[in-house]
Amino acid sequence: MQILLVEDDVELAAALVRALRARGYAVNQVGNGRLALTAVRTEAPDIVVLDLGLPDMDGLQVLRGIRANERHLPVLVLTARNSVEDLVEGLDRGADDYLPKPFAMSELLARLRVLERRLGTSTSSEIRVGEVSLDTARLEVRCDGVAIDLPRREYMLLKALMENAGKVLSRASLESRLYGWGEEVASNALEVHVHHLRRKLGTQFIQTVRGVGYRIPLP
Ligand code: CA
């Protein structure tokens, strides 16, 4: 589960990143609205945690920017403002949930679990691209109907690329999904996983986008 954390308060952001990584989330943190909108496009996060008080843009403007392209991306809004008007406005503009500051970490984690569950139930568990299908509920991959056994990291890599079929995912984004726990990553680890997946699914299934990352093209 990849979280984009948009928070400009350096201490709070560092504490949140530590706590979320400790629970196994892959976290990318940015400190302003402009970087947040770029990251939503290039990193394809699963959930956005968005502070409304940002240095360069109003958080609600960022939320509108996200919603312009990503209608279903769950956004959990954080804000020090606690008036009813802000709450209503945030929800009206497409926030999925709202957490007033200060909040307990346990509360944030509970809200994230709710959004995660919603993600799991709102979309079909099967993703299909060409002859390859991936069942995220059963953790099953089939190619031409034949079940294929994949090690965990190859499965995670394939899932990220198939969920974003047609889009290029950057190396950094893929590495943070596969190694989001502060692990050492060998510089060629990603290439090795891609190589194995190509051997199992066909050499053309995953494209290299030179200098950027990888993509599974839509058939
Ligand atoms: Ca702030």
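What you see is a predicted model, and the numbers here were worked out from it, not measured in a lab. (Residues numbered from 1 in each chain as written. Predicted model: local features only at pLDDT ≥ 70, side-chain atom pairs only at ≥ 80, totals over all residues. Heavy atoms only, no water.)

1. Focus: the overall build of the protein
Short version of the rule: Numbering of helices and strands starts at the N terminus; helices are DSSP runs of H or I of at least 4 residues and strands are runs of E of at least 2. All radius of gyration figures rest on C-alpha atoms, and the globule criterion is 2.2 Å times the number of residues raised to 0.38. The buried label goes to any residue with under 20% of its type's maximum accessible area, the exposed label to any with over 50%, and the partly exposed label to all in between, with areas taken from a 1.4 Å probe on protein chains only. The criterion used for residue contact is that any of the two residues' heavy atoms lie within 4.5 Å. Accessible surface area values rest on a Shrake-Rupley calculation with a 1.4 Å probe, where residue burial reflects the displayed protein chains alone. Residues scored as positive are Lys and Arg, those scored as negative are Asp and Glu, and His as well as the terminal groups of each chain are ignored. Where a charge lies is defined by one atom per residue type, namely NZ (Lys), CZ (Arg), CG (Asp) and CD (Glu).
Helix and strand counts for the protein come out as 8 helices and 12 strands. A globule of 219 residues ought to have a C-alpha radius of gyration of about 17 Å, and the protein, at 18 Å, matches this closely. When its C-alpha atoms are laid out on the principal axes, the protein stretches across 55 × 35 × 30 Å. Taken over 219 residues, the protein has a buried fraction of 44%. For the protein, contacts bridging at least 24 residues in sequence account for 58% of all contacts bridging at least 6. For the protein, the accessible surface area stands at approximately 11,400 Å², while carbon and sulfur atoms represent 50% of it. Between the mean site of the 29 positive side-chain charges and the mean site of the 30 negative ones, the protein shows a separation of 4 Å.

2. Examining a negative patch on the surface
Our working definition: Each patch is built from salt-bridge-free residues with over 30% relative accessible area, joining like charges within 9 Å and nonpolar side chains (Val, Leu, Ile, Met, Phe, Trp, Tyr) within 5 Å. Any Lys or Arg side-chain nitrogen found within 4 Å of a carboxyl oxygen on Asp or Glu counts as a salt bridge.
A surface patch of like charges, here negative, comprises Asp8, Asp9, Glu11 and Asp56. Relative to the helices and strands, Glu11 resides in helix α1 (residues 10-22).

3. Considerations on unusual backbone geometry
Lys101 connects to Pro102 through a cis peptide bond whose omega is -5°. Along the polypeptide, Pro102 turns up in the loop between β5 (97-100) and α5 (105-122). Phi at Ala44 is positive, roughly 45°, even though this residue is not glycine. Inspection of the secondary structure assignment puts Ala44 in the loop between α2 (33-43) and β3 (47-51). A residue is classified by how much of its surface remains accessible, and Ala44, at 10% relative accessible area, is buried.

4. Topic: the coordination of the calcium ion
Where we set the bar: Coordinating N, O and S atoms are those within 2.8 Å of the metal (3.2 Å for Na, K and Ca), and as water is not part of the atoms, a site may appear to have fewer donors than expected.
Taken together, Asp8 (OD), Asp51 (OD) and Gly53 (O) make up the full set of protein donors to the calcium ion, lying 2.2 to 2.3 Å away. One chain supplies every donor to the calcium ion, and in sequence these donors are spaced D-x42-D-x1-G. Separated by 43 residues along the polypeptide, Asp8 in the loop between β1 (2-6) and α1 and Asp51 in strand β3 bring together distant segments of the chain. A residue is classified by how much of its surface remains accessible, and Asp8, at 31% relative accessible area, is partly exposed. A relative accessible area of 4% means that Asp51 is categorised as buried.

5. Some remarks on the sheet that holds strand β9 (residues 146-148)
Applicable threshold: Think of it this way: DSSP has to see at least two bridges between two strands before they count as a pair. Axis geometry follows a simple rule: fit a line to the C-alpha atoms, using only the stretch in contact for helices, then measure angles between N-to-C directions, giving values from 0 to 180 degrees.
Pairing in this open sheet of 4 strands is antiparallel, and the strands run β6-β7-β8-β9 from one edge to the other. Bordering the open sheet on either side are β6 (126-129) and β9, each of which pairs with just one other strand. Within this sheet the neighbouring strands show an average axis-to-axis angle of 25°, counted without direction. With 4 bridges joining them, β6 and strand β7 (residues 132-135) adopt antiparallel strand pairing. Note that in β7 the partner of Ile127 across the bridge is Leu134. Its contacts with the sheet put helix α6 (residues 152-163) on β6, β7 and β8 (140-143), and the angle it makes with β7 is roughly 110°.

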